[in-house]
Amino acid sequence: MVDPLFLLLLAGIGGLLALDGSGVGQVMISRPLVAATIGGWLAGMPAEGAMIGLVLEALHLSVLPFGAATVPESGPSCLIGGWLFAVYGPGPAALLTISALVLAWGWVGGESVRRLRHLNARIAIPEGVPEVEPASVERRQLAAVGLDFLRGVLLTAFGAVALFHLARIGLRVWEGMPGLAALGIGIGVVASLAASTRFFEARRIRLAMGGAAVGILILVLA
Amino acid sequence: MAGPPPSSDRAGGGFVLPLRVRLATVLRSCLVQASWNYQTLLGTGFAFVMLPAIRYLHRDDPATVRALTGRHADLFNSHPFLATLAAGALIRIEAEGRGPDIARRFKNALRGSLGSIGDQLVWRTWRPACALVGIGLLLVGAPWWLAIAAYLLLFNALNVALRWWGLEVGLSAGFEVGSRLRSPWLANLRERGADAGAVLAGLVLVLAIGTFSAGVGGMLAKLVAAAAGVALAVWVRPVVWVGLVLFWLIGIALGMML
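Calculation rules
- Residues numbered from 1 in each chain as written.
- Chains lettered and ligands numbered in written order.
- Predicted model: local features only at pLDDT ≥ 70, side-chain atom pairs only at ≥ 80, totals over all residues.
- Heavy atoms only, no water.
- Helix = DSSP H or I, 4+ residues; strand = E, 2+ residues; numbered from the N terminus.
- Buried < 20%, exposed > 50% of the residue type's maximum accessible area, 1.4 Å probe, protein only.
- Areas by Shrake-Rupley, 256 points an atom, 1.4 Å probe, with all protein chains shown as cover.
- Core = buried A, V, L, I, M, F, W, Y, C linked by side-chain atoms within 4.5 Å.
- Contact = heavy atoms within 4.5 Å.
- Salt bridge = Lys/Arg side-chain N within 4 Å of Asp/Glu carboxyl O.
- Phe/Tyr/Trp six-rings, centres within 6.5 Å; stacked < 30°, edge-to-face > 60°.
- Lys NZ or Arg CZ within 6 Å of the ring centre and 35° of its normal.
- Buried area = accessible area lost by both parts, 1.4 Å probe.
- Polar contact = N/O pair within 3.5 Å; in protein donor to acceptor, adjacent residues only side chain to side chain.
- Nonpolar A, V, L, I, M, F, W, Y, C, P; charged D, E, K, R; others polar.
- Patch = residues over 30% accessible without salt bridge, like charges linked within 9 Å, V, L, I, M, F, W, Y side chains within 5 Å.
- Disulfide = S-S within 2.5 Å.
- pLDDT = per-residue confidence, 0-100.

Overview of the overall build of chain B
Along the backbone of chain B there are 10 helices and 2 strands. Counting from the amino terminus, chain B carries its helices and strands in the arrangement β-β-α-α-α-α-α-α-α-α-α-α. Among the 258 residues that make up chain B, the fraction classed as buried is 55%. Accessible surface for chain B amounts to roughly 10,300 Å². Of this, 68% is attributable to carbon and sulfur atoms.

Comments concerning the nonpolar core
Core analysis: the largest hydrophobic core is formed by 130 residues, its most contacted members being Trp83 and Leu193 of chain A together with Leu17 and Leu162 of chain B. Per-element accounting of this core gives the leading share, 14 residues, to helix α5 (residues 100-139) of chain B. Among all residues touching Leu162 of chain B, those that are not within four sequence positions of it are Phe81, Leu82, Thr84, Leu121, Val122, Trp185 and Leu186 of chain B. Within the second largest apolar cluster, 11 residues are counted, among which are Val145 of chain A together with Leu31, Phe48 and Leu51 of chain B.

Observations concerning the pattern of salt bridges
Overall, the coordinates contain 19 salt bridges over all chains when judged by the stated rule. Where Arg66 of chain B meets Glu133 of chain A, a salt bridge forms, and the shortest distance between an N and an O atom there is 3.7 Å. Residue Arg66 of chain B is located in helix α3 (residues 62-72), and its partner Glu133 of chain A is located in the loop between α5 (92-123) and α6 (134-174); the two belong to separate chains. Of the residues examined, Glu133 of chain A reaches a relative accessible area of 45% and is grouped as partly exposed. Between Glu191 of chain B and Arg190 of chain B there is a salt bridge; the shortest N-O distance is 3.4 Å. By relative accessible area, Arg190 of chain B is classed as partly exposed at 23%. Residues joined by salt bridges that share partners form a network here, namely Arg203 and Arg204 of chain A together with Arg190, Glu191, Arg192 and Asp195 of chain B.

Some words on the packing of aromatic side chains
Under the criterion given, the structure shown has 10 aromatic pairs over all chains. Seen in terms of ring centroids, Trp36 of chain B and Tyr38 of chain B are 5.5 Å apart; in terms of plane orientation they differ by 90°. Their pairing is edge-to-face. With a relative accessible area of 3%, Trp36 of chain B lands in the buried category. Among the residues examined, Tyr38 of chain B registers a relative accessible area of 28% and is labelled partly exposed. Between Phe81 of chain B and Phe155 of chain B, the ring centres sit 5.9 Å apart and the planes meet at 65°, which makes this aromatic pair edge-to-face. Taken together, the residues Phe81 of chain B in the loop between α3 and α4 (83-95) and Phe155 of chain B in helix α6 (residues 144-173) connect sequence positions 74 residues apart. Here Phe81 of chain B matches Phe155 of chain B in class, with each residue buried. A connected cluster of aromatic rings, assembled from ring pairs, spans Phe6, Trp83, Tyr88 and Phe164 of chain A. If you follow Arg98 of chain B out to its NZ or CZ, it ends over the ring of Phe175 of chain B, 4.6 Å from the centre.

A few points about the interface of chain B and chain A
At the interface, 94 residues of chain B touch 101 residues of chain A. Roughly 8,400 Å² is buried in total at the junction of chain B and chain A, and carbon and sulfur atoms are behind 72% of that figure. Between the two partners, chain B and chain A, sit 7 salt bridges. Linking chain B with chain A are 25 residue pairs in polar contact (both at pLDDT 80 or more). For the side of chain B that touches chain A, the secondary structure elements donating two or more residues are α2 (43-57), α3, α5, α6, α8 (184-212), α9 (219-232) and α10 (236-257) of chain B. Here the side of chain B that touches chain A gets 19 residues from one element, more than from any other, and that element is α8 of chain B. When its residues are assigned to classes, the side of chain B that touches chain A shows 61 nonpolar, 21 polar and 12 charged.

Description of a nonpolar patch on the surface
A surface patch of nonpolar side chains, amounting to about 520 Å² of accessible area, comprises Trp107 of chain A together with Val242, Leu246, Leu249, Ile250 and Leu254 of chain B. Looking at the element boundaries, Leu246 of chain B is found in helix α10. For Leu246 of chain B, a relative accessible area of 45% translates into the label partly exposed.

A few points about unusual backbone geometry
Residue and element names in this part refer to chain A. Despite not being glycine, Gln26 has its phi angle at roughly 50°, a positive value. For Gln26, the location among the structural elements is in the loop between α1 (4-21) and α2 (32-42). Owing to a relative accessible area of 5%, Gln26 belongs among the buried residues under this scheme. In this structure, Met28 is a non-glycine residue whose phi angle is positive, near 80°.

Topic: the state of the cysteines
Enumeration according to the criterion identifies 0 disulfides over all chains in this entry. Here Cys78 of chain A is not disulfide-linked; the sulfur of Cys130 of chain B is the nearest cysteine sulfur, at 18 Å. Looking at Cys78 of chain A, the relative accessible area reads 0%, which means it is buried. Looking at Cys130 of chain B, it has no disulfide partner, and the nearest cysteine sulfur is the one in Cys30 of chain B, 17 Å off.

Focus: the side chain of Arg71 of chain B
Mapped onto the fold, Arg71 of chain B is located in helix α3. Polar contacts involving the side chain of Arg71 of chain B include one to the side chain of Glu94 of chain B, which spans 2.6 Å.

What about the confidence of the model for chain B?
Residue and element names in this part refer to chain B. Residue-level pLDDT values for chain B average 85, and 84% of them are 70 or greater. Of all helices and strands in chain B, the one with the weakest mean pLDDT is strand β1 (residues 9-11) (46), whereas helix α1 (residues 19-29) scores best (95). For this predicted complex, the interface score ipTM comes out at 0.92, alongside a pTM of 0.89.

Structure below.
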């Protein structure tokens with residue numbers, strides 16, 4: 001059972017992270033590495049939050065919010081992920097289970113953003129209005145911020161309860177297969193990081209190889 | 001339409017607004033996407049950003065304030081960090097009294113470039129590079145707070161710099177802002193950021209293989225995991241995201257049956 005007061009706190013922070021995702025600031029506290037660390041920190045284990053945050057950040061590297069594209073939302077889902085990993089982790093079974101659930105909840109979040117943008121069309125000033133009171137623009141803008149915050153709060157609250165129970169069910173099975181869980185999550189992370197070289201274009205492959213050589217040196221020396 | 005009041009300051013061909021108005025414009029730009037919608041895109045948010053300057057320049061003329069607010073709430077789009085550049089240029093264009101058609105055409109012309117320059121620089125280059133710094137620090141054993149601090153400080157240095165630079169350039173260049181967008185420092189920043197990102201990507205990839213293969217038994221399994229990961233990278237979003245969720249679900253189904 002999730003403590004209602006804790007759930008309220010988590011949902012409030014989830015609302016703030018949802019705002020950061022697109023509507024307010026975009027200072028990247030909604031990115032998986034940060035959001036999951038906050039989730040772990042709320043449960044008293046920030047390092048565990050950062051651990052799953054690392055995995056989720058790697059998996060989200062390929063998410064590029066170009067134009068009007070609907071993309072998975074990382075803030076609320078990764079906040080929940082960081083908290084759940086502090087509760088159920090450590091270990092590869094928890095890492096795989098919670099990562100899979102967070103990815104799925106991220107799609108739900110992305111869909112809720114798309115719907116909110118349709119709703120925003122009713123709040124925004126319509127095209128071609130010759131004169132508009134400035135106060136009306138400010139009211140509408142702040143109403144949109146409030147609505148986005150509310151969306152984030154609800155998404156986090158429902159997600160926290162649902163994922164808390166789903167993670168318990170999944171873990172019961174996956175705890176018996178830690179090697180397979182590690183293989184699955186390892187392939188996912190490596191694939192996501194390997195894909196990040198695409199962001200820096202093929203002509204930089206020699207630079208990437210240089211970085212890889214330094215990485216091998218660190219692993220050998222460690 | 002009234003021009004700028006006599007108290008607005010013009011120096012050396014540039015157009016200067018008081019610090020409090022510029023600060024308000026930059027701060028409001030942090031909310032520019034709040035009412036983003038599929039009909040007018042940034043429209044209302046852009047008018048929200050323009051308001052402090054519109055109010056300052058036409059403080060004795062409420063009808064002009066209402067007309068300009070309406071005009072700038074029309075369809076517009078931009079990368080959020082570069083919205084101040086369009087705002088600055090349009091504040092100056094409106095103050096010079098060039099007329100609504102010129103302002104509208106200017107906004108249409110600027111829209112595409114601001115989106116693509118911002119997307120390439122911020123989302124495609126700078127953010128992944130900053131994320132790789134954070135991931136890399138964690139993988140070499142740095143404390144969690146250092147990784148988070150490095151990620152946020154690096155990313156937001158560009159966030160704040162672009163918003164402030166955009167407003168200043170927009171105000172000083174006005175209609176000529178297009179040529180300033182082609183300034184070499186933006187292109188250099190993207191190129192050097194991409195160079196650093198490529199080195200970090202290679203480094204972090206190897207460190208991740210070393211870290212995550214520790215939980216996989218046997219050298220063959222480690223090699224298979226690493227090779228499969230690199231091979232899957234081409235289709236990363238559909239394969240890895242859907243694949244990971246399906247892998248987890250199939251595992252549960254098999255675990256329950258056996």
